[in-house]
Structures are given as C-alpha cells and as structure tokens.
There are 4 protein chains.
Amino acid sequence: MNPYNQIAGRSVERLAALSDGVFAVAMTLLVLDLHAPAADAIHSEADLGRALLELAPRLLVYLMSFLTLGIFWVGQQAQLNVMARSNRDLSWLHLGFLFAVSLMPFSTALMAQFIAFRLALLLYWANVLLLGALLFATWRYATRAGLLADAGVEMRVAVERRIVVAQALYAAGSALCVFNTYVSLGFIVLVQLNYAIAPRIGVLARI
Amino acid sequence: MNPYNQIAGRSVERLAALSDGVFAVAMTLLVLDLHAPAADAIHSEADLGRALLELAPRLLVYLMSFLTLGIFWVGQQAQLNVMARSNRDLSWLHLGFLFAVSLMPFSTALMAQFIAFRLALLLYWANVLLLGALLFATWRYATRAGLLADAGVEMRVAVERRIVVAQALYAAGSALCVFNTYVSLGFIVLVQLNYAIAPRIGVLARI
Amino acid sequence: MNPYNQIAGRSVERLAALSDGVFAVAMTLLVLDLHAPAADAIHSEADLGRALLELAPRLLVYLMSFLTLGIFWVGQQAQLNVMARSNRDLSWLHLGFLFAVSLMPFSTALMAQFIAFRLALLLYWANVLLLGALLFATWRYATRAGLLADAGVEMRVAVERRIVVAQALYAAGSALCVFNTYVSLGFIVLVQLNYAIAPRIGVLARI
Amino acid sequence: MNPYNQIAGRSVERLAALSDGVFAVAMTLLVLDLHAPAADAIHSEADLGRALLELAPRLLVYLMSFLTLGIFWVGQQAQLNVMARSNRDLSWLHLGFLFAVSLMPFSTALMAQFIAFRLALLLYWANVLLLGALLFATWRYATRAGLLADAGVEMRVAVERRIVVAQALYAAGSALCVFNTYVSLGFIVLVQLNYAIAPRIGVLARI
C-alpha cells in the first residue's frame, strides 16, 4: 500500500467533525437568504405584516430544507457511529456527500425564489437524490470494505432499505409536480415530518 | 425495535458538536448584517461618526441576541451534559431547537431594522418562545425516556422551573410593547444581563 | 448552590468547541467581504489587474485581522488547556470574549473600507482592547476560583504579563494614528508577525 | 523556555477542531456566491433553464474548489493524525495554512467571475501554491521538531513527495493557460478527480 494511504482519511472522528461543521453552516445559511424587508417600503405595522406574509412560503421551503438536512444528518451520523475506522476512499465518498450538502442552500434559495417552477423543484430533487445516492454508496462501500464495527446483516439491510424507501418517496413527491409544484412540496414536507416525528402508528412507523 | 432506530441519533457527542456548530455560526452571523457605511457617503471623520452612531441601536439588538443565544447555549449544554445517551426522538427535538436557533439571525435583523415596530418585537419573542418550548420539551422527554445520567428530582424541577421563569420574563418584557418597543427591549436586556452576570444578591440570584 | 448552577457551564470541552466554531466562522467571514470586482467594469486582463491592485490594502487589513484572531485563539486555547473545569461565571466571561470575536469581521470591514480614518482605527483598537480585557478577566477569574489544573505562580504571572504587554503594544500602535493610520497599521502588523513568528532573538522573543 | 510557550498551541485536538471549522465554513461558503437568478428576469421555465445553464461554468469552478479543499483537508488531517503533540510554532504554521484556506472562497469567486482571464487563474494557482507550501512547511517542521508520533522515514518521504508531485501538476495545469484558461481548468479538475477517486491503475495510482 502507498504509505500515504496508511494515514490519509483514517480518522472517523475528524470526518464526523467536518460533517458536523458543514451541516451546521448549511443549516444556518439556509435562513440567511431570508432578508428582512427593505425599510423604505414599510411605513406601518400593516405594511410590515404584509411584507412578512409574502415571506411565508419561503419560510416553508427553509423548513423543508432544514428537515432534509436533519434527516441526512441523522442518517450519516448513524452510519459513522457504527464505523470502526475509515479510509481514504470512504473519506472521499463522504466528502462527495458533503458537497451535496453544501449545494442545499443554493437549491433551497432557487426553490424559494421560483416556487411555482417545475425546473426549480426538479433541481431540488436532483440534489436530494445526490445526497441519497452518496449516502447509499458510502454505506455499501463501508460494508464491503469491512469498515463497520458491529452491524449484523439485519442492520445492513435496514439502512439500505431505509435510504431506498425514502428516495422512492422523494421521487414520487417530485413526480407530483406534473400537477403542481405546491402538491409536490406538501407531499415532501409531510413525508419528512413523518420521518422526523416517527409516529408509532403501524404503516407510517415502518417506513 | 426497527433496527435503524438502534443506531440513529444515539450519539450525544455528535448532537453536541452539531449544536456548537449551529450556535457558533448563528452567533457570528448576527453581526454579519451590520454593514460598514457606504464609502461614497462619508467624506470626513465626523460623517463616519454620525453614520456609526446610527448603527448603535442595531448593535444593541445584536448584543441582546448574542445574550439570548448565550443563555440558550448554556441551557442546552447543561442538559446534554447530564444525558447518558440519546435516541432518535431526542435528536429530532434537539434539531427542532436548532432550527429555532438558525432563525435567530433573521429575527434579529428584522428587529434591528424595524426597532420601533411591535410586530418585529412579537416575532422576535415568538422565536425566543419557540427556543424555550423546545428546550423544555427536550428536557421533559429526556426525563421520561430515562436518558439522563444522574439528575435527582431536585435538579429536574430546577431546570424546568428555570425555563418557565425565564419565558415568563420574556413574555412580560414583550407585553411591555403596549407602551413602547424600547421599553420591552430595555427590560429584556436587563433580564438577560441578570442571567449572564448571575449576581449573588437575593431575589435576582434565585430567578 | 442553585441546582441549575451545578450543571450549567461545566464543560470545558463544549466551551472549547463553541470557541473553535466562532473563531473558524469569524476567520473565514473576514474574507467574505472581499468581493470579486464587478464583471461589467472589466474588459481586459489589465483592467482586472488594476481592480485587484485596488483590493490589495483590504487584503492587508484582513491579514492583520486573521493574525489578531490567530493570536487570541492561541491565547484562549492556552488558557482552556490548563483548566480542570469550568463553571457558569467562566462560561459567561468566555461568551463575552466570543462576542468580541464575532465583532471582528465588522471592525475589519470598517477598517478596510475607511483605512485612512482615525475613527475606524480607534474602533478597531477598541475591539482588540475588549478581546484583551475579557481574556485577562477570564484568566484572573479562573485563577481565583481555583479552576486551573496545574498552573504554578510563574505561569499565572506569565499569562497576565503577556496580555498586558500585547495590549500596551496595540495601544501604542493605535496612538500612532496621530501621525497617520497607515503608520499604526504597519506597527500593529509588525508586532503581530513578531508574536506569530516568535523569533528567537533576544528582546523580541521575550515580549 | 518562556512559561507561556509551555501551554500555547499544545493541543493537536484543538488545532484539528479549528481546522475542521475553517474547512467546513470555506467549503460551504464556496457555493454561497452562486445566487439564484433574479426573479424579475424569469418569466417561464425556459427562461429559468437558460439562466441556470449560464451558471453551469460557475458550478464547475465550485466543484474544482471543493475538490481542492477536500484534497487539502485529507492532507492536513493525515498530518495531524500522526502528530503526538503540537507547539506554538506548529500552530502558527497551521494557522497560516488556514489563512490560505480562508482565501479560497475569494479566489474561487474571482475565477468563477472571470473564467477566461489568465490573471484570475494565476491568482487561483497562487492560492493553491500557498496551501501546498504551508502544508509542506508544517510537515517538515513537525518532522524536525520531533512532533510526530510514529512516522518512519518511508512515510516522511511519501508525504513530502506527494505534496511536491501534486504542486508540480497544479503548476503544469496553470501553465497551460498560455493556450487557454479552460484547458488549464480541465487539466486541474482531471488531476483532482484522480486524487479523489484514487484509481488502482498503475501510473495514476502512484501519483
């Protein structure tokens, strides 16, 4: 083995720390695009109320993106927690995943700005698909390269199945844009809230 | 238990690291909205002095928000320190709390821009209320789910009481806006300084 | 003791993690204010060269601020390293210090924009003074409250002396603005490079 | 030894944490410069498609910079992992390296804005060269000062050789701008992908 590869990308802790940093910045930057209305257009409380109401759909898009990032943060954190060690290839798969994370504030701003445009929704979905594909690839690589500490077959399958089901739901939600982008967004937010709140009622709890 | 839930959201350390990241970015972004005056309007030291004096109320709003974030950082850090472990539900409650943290730069910019508007103050207060409610919910959940390492009944009650008293003071301060938003801001800053400085004189030290 | 205070602000590690986050964001945001020239004013390589040359003084100001933040990061890191534990008061002193850190991108942008104005230099100096005063207060408090792990009298004095000498040099440098702000900046950058490079030649190494 | 130097810059962990923060912020800020098109110029899906296609070259530049930062993150992480301890000089060499990291969003924005200008490419290359030179200096210093935990001669040489080869490739790629900046960018991206993907085919795997 190339001696450099013996020390490159070995530290799961450092990878986790970088991930936490990128997620933290991306999560906080989402809202950075939400600007206070310009002062010179606001002359009364009512003006301000109207201006803020106009921002409401944007806020929903940010909430959706925060949920997305939250879901993927929990997902990658779950993966890194069961890894005994890392290597250079895994680090790069994870860096690719973090690149997709760093694109989320842009995709979100685009979606918030062009909420009724299918193209904005499809690009948003492409970003989520990239996140899912790279998370899946990281897990499969880690499994095959023997980097996991203690994950039985059942858990290996559960993690993969989970990503696939979630991506199928995202794809279905995005496909709903043939009707209307708002229908898509509503569907996606509901699916995400289901993941976040994790209700204990039958069929929903199993996805 | 769903095998995925056995590994999702388990790490208190990762949750703490993400929190520190989100707080660090939010605290630093607060001031990002404080722009240096445009160069072409400034022709003398006196011009610059006047332009900076106009920024002074904004700086006070930022200080208030930094104190708010500091208080909640100390609060969540105190909670996470006594947690023996985490789980997926707790992670999501905490992610909700971090979403409220990520909204603070926006609420702050709005308050700074429209310092005399009651609506801006009430939205700011709603953000603080959301922070408090989610911190309270996290603690109560952790208590009931048996996630705490070593917190006697006295401490459990002390943490809850503390959040409720603080929120009552924030609500009272915000209610003062029926007179004037400046009265509200002054009251809130004084309460926060009391929390930060923690004087040892009787009644103040007990709140 | 109030039961809350038994768990609030106890963790030196969390305080260090928050500090690293705030410093990392502040250090990176410094340069965020350095915008690429607008594309429509640039028609040739020579145009671009001229536009970038105009940015050169700003880059020097950023370098100065990066050095400042680097010096204070090394300083606070040295302090936290020898602390056995923290408490709520220390956390708040340190949060005050981090507030001063979060102001640096603004002070820097102001200085970069108004490089020839004494007022900008004096505000920059006030920011540095605040950093030094709070770092000094943190150390003195930690010493008196018995929070240090293993720092003999010699080290206690060395840390305090170091901060006082550095602040005296910053004050002297800022006072040079009675001649010219450029003289001040040059002096401060030289002093900072001396701290960063830490030459081993006699008198310079002892400051 | 000056007593202050006994505690200043000692912690490899803190240095790693600051680095992860700076890299995380820089990686995420890269994309911050990618703005959604202004809403008033977009009246149809086709308009949006055209506006986004115009952003495509910028996205490639961001990808290139993310790869650059990823490569240097893996590199510095590999170095810090084998360090038994740090000292003040090493901390400052590493802080210099982080300053070069913090410049990357600016260099990237400049390159993205002026993609056909040689000067923008050369400044970008200067930034990469600075990163490489400081990483090399950090390693050589750590080697000579005996700060490494367990790195045999083979590894010491491998790390240095790696940096030199990579810098030679960056320099060669940048020199290609005598033809065209796009040729340079294409060459650099290919080299970086080779580093990231680390194919196992003969000559490529050895660089």
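Everything here concerns the structure above.
So, here is what we can say about the structure in this document. (Residues numbered from 1 in each chain as written. Chains lettered and ligands numbered in written order. Predicted model: local features only at pLDDT ≥ 70, side-chain atom pairs only at ≥ 80, totals over all residues. Heavy atoms only, no water.)

## What to know about the overall build of chain A
Point 1. When helices and strands are tallied, chain A shows 8 helices and 0 strands.
Point 2. Listing every helix and strand of chain A by position from the N terminus yields α-α-α-α-α-α-α-α.
Point 3. In terms of overall dimensions, chain A has a C-alpha envelope of 70 × 40 × 30 Å along the principal axes.
Point 4. Long-range pairs, those at least 24 residues apart, make up 78% of the contacts in chain A with a sequence separation of at least 6. (Helix = DSSP H or I, 4+ residues; strand = E, 2+ residues; numbered from the N terminus. Contact = heavy atoms within 4.5 Å.)

## Some thoughts on the interface of chain A and chain D
Reports often express the size of an interface as the amount of accessible area lost when the parts come together.
Point 1. At the interface, 37 residues of chain A touch 53 residues of chain D.
Point 2. Between chain A and chain D, a total of about 3700 Å² is buried, with carbon and sulfur atoms accounting for 73% of that surface.
Point 3. The largest contributions to the chain A side of the interface with chain D come from Tyr4, Arg14 and Trp92 of chain A, which together make up 22% of the buried area.
Point 4. Where chain A touches chain D, the interface holds 1 salt bridge.
Point 5. Between Arg14 of chain A and Asp20 of chain D there is a salt bridge, with its nearest N and O atoms 2.8 Å apart.
Point 6. In this structure, the connection of chain A to chain D is made through 5 residue pairs in polar contact (both at pLDDT 80 or more).
Point 7. Among the secondary structure elements, those contributing two or more residues to the side of chain A that touches chain D are α1 (3–7), α2 (12–32), α4 (88–113) and α5 (118–144) of chain A.
Point 8. Tallying contributions element by element places α4 of chain A first for the side of chain A that touches chain D, with 12 residues.
Point 9. Of the residues contributing to the side of chain A that touches chain D, the split by class is 25 nonpolar, 7 polar and 5 charged. (Buried area = accessible area lost by both parts, 1.4 Å probe. Salt bridge = Lys/Arg side-chain N within 4 Å of Asp/Glu carboxyl O. Polar contact = N/O pair within 3.5 Å; in protein donor to acceptor, adjacent residues only side chain to side chain. Nonpolar A, V, L, I, M, F, W, Y, C, P; charged D, E, K, R; others polar.)

## Here we look at the relation of the copies chain A and chain D
Point 1. Superposition record for chain A on chain D: RMSD 0.0 Å, screw rotation 90°, translation along axis 0.0 Å. Each copy turns onto its partner about a four-fold axis. The rotation axis passes nearest to the C-alpha of Gly21 of chain A in chain A, at a distance of 4.0 Å.
Point 2. The fraction of interface residues of chain A whose copies in chain D are also interface residues is only 5%, indicating that the copies meet through different surfaces. (Least-squares fit on C-alpha atoms with pLDDT ≥ 70 in both.)

## A word on the arrangement of the chains
Point 1. Considering only C-alpha positions, the minimal separation of the non-contacting chain A and chain C is 8 Å.
Point 2. With no contact formed, the shortest span from any C-alpha in chain B to any C-alpha in chain D equals 8 Å.

## Focus: the interface of chain D and chain C
Point 1. On the chain C side, the residues contacting the 38 residues of chain D number 52 residues.
Point 2. Summed over both sides, the interface between chain D and chain C buries roughly 3800 Å², with carbon and sulfur atoms accounting for 73% of that surface.
Point 3. Looking only at chain D, the three residues that lose the most surface to chain C are Tyr4, Arg14 and Trp92 of chain D, adding up to 22% of its buried area.
Point 4. At the surface where chain D touches chain C, the tally comes to 1 salt bridge.
Point 5. Inspection of the chain D/chain C interface yields 5 residue pairs in polar contact (both at pLDDT 80 or more).
Point 6. Contributing elements (two or more residues each) for the side of chain D that touches chain C: α1 (3–7), α2 (12–32), α4 (88–113) and α5 (118–144) of chain D.
Point 7. Counted by class, the side of chain D that touches chain C contains 26 nonpolar, 7 polar and 5 charged residues.

## A short note on the packing of aromatic side chains
Point 1. Following the criterion strictly, the structure yields 16 aromatic pairs over all chains and no others.
Point 2. Taking the centre distance of 4.9 Å and the plane angle of 65° together, the rings of Phe99 of chain A and Phe66 of chain D count as edge-to-face. Of this pair, Phe99 of chain A sits in helix α4 while Phe66 of chain D sits in helix α3 (residues 45–81), which puts the two residues in different chains. In this structure, Phe99 of chain A and Phe66 of chain D share a single accessibility class: buried.
Point 3. Consider the rings of Phe23 of chain D and Phe97 of chain D, whose centres lie 6.1 Å apart with planes at 45°: the pair is tilted. Taken together, the residues span a long stretch of sequence, with Phe23 of chain D in helix α2 and Phe97 of chain D in helix α4 at a distance of 74 residues. (Phe/Tyr/Trp six-rings, centres within 6.5 Å; stacked < 30°, edge-to-face > 60°. Buried < 20%, exposed > 50% of the residue type's maximum accessible area, 1.4 Å probe, protein only.)

## Overview of the nonpolar core
Side chains of a nonpolar character, in soluble globular proteins, are inclined to be buried together.
Point 1. Of all hydrophobic cores here, the largest spans 299 residues; its most connected members are Phe23 of chain A, Phe23 of chain B, Phe23 of chain C together with Phe23 of chain D.
Point 2. Every residue in contact with Phe23 of chain D, bar those within four places of it in the chain, is listed here: Leu18 of chain A together with Leu69, Phe72, Trp73, Gln76, Phe97, Leu98 and Val101 of chain D.
Point 3. In this structure, Val25 and Leu29 of chain A, Val25 of chain B together with Leu29 of chain C belong to the second largest nonpolar core, which totals 8 residues. (Core = buried A, V, L, I, M, F, W, Y, C linked by side-chain atoms within 4.5 Å.)

## Description of the pattern of salt bridges
All names here are of chain D.
Point 1. Tallying each qualifying case throughout the model produces 12 salt bridges over all chains.
Point 2. For Asp47, the salt bridge goes to Arg50, with nearest N and O atoms at 2.8 Å. Here Arg50 and Asp47 lie together in helix α3, a separation of 3 residues that amounts to about one turn.
Point 3. Judged by its relative accessible area of 18%, Asp47 falls in the buried class.

## Brief notes about the environment of Gly9 of chain C
All names here are of chain C.
Point 1. Tracing the sequence through the fold places Gly9 in the loop between α1 (3–7) and α2 (12–30).
Point 2. For Gly9, a relative accessible area of 1% gives the class buried.
Point 3. The spacing of Gly9 and Ala142 is 133 residues in sequence and 13 Å in space, taken between C-alpha atoms.

## Some remarks on the packing of helix α3 (residues 45–81) of chain B against helix α4 (residues 88–113) of chain B
Residue and element names in this part refer to chain B.
Point 1. Interhelical geometry of α3 versus α4 gives an angle of 170° and a closest axis separation of 9 Å. Accordingly, the angle class assigned to the pair α3 and α4 is roughly antiparallel. Note on element contacts: α4 touches α3 through His94, Phe97, Val101, Met104, Thr108, Met111, Ala112 and Gln113, opposite Arg58, Val61, Tyr62, Met64, Ser65, Thr68, Leu69, Phe72, Gln76 and Leu80.
Point 2. When the residues that make up the contact of α3 with α4 are grouped by side-chain class, the tally is 11 nonpolar, 6 polar and 1 charged. (Axes fitted to C-alpha atoms, helices over the stretch in contact; angles between N-to-C directions. Parallel < 35°, antiparallel > 145°, perpendicular 65-115°, else oblique.)

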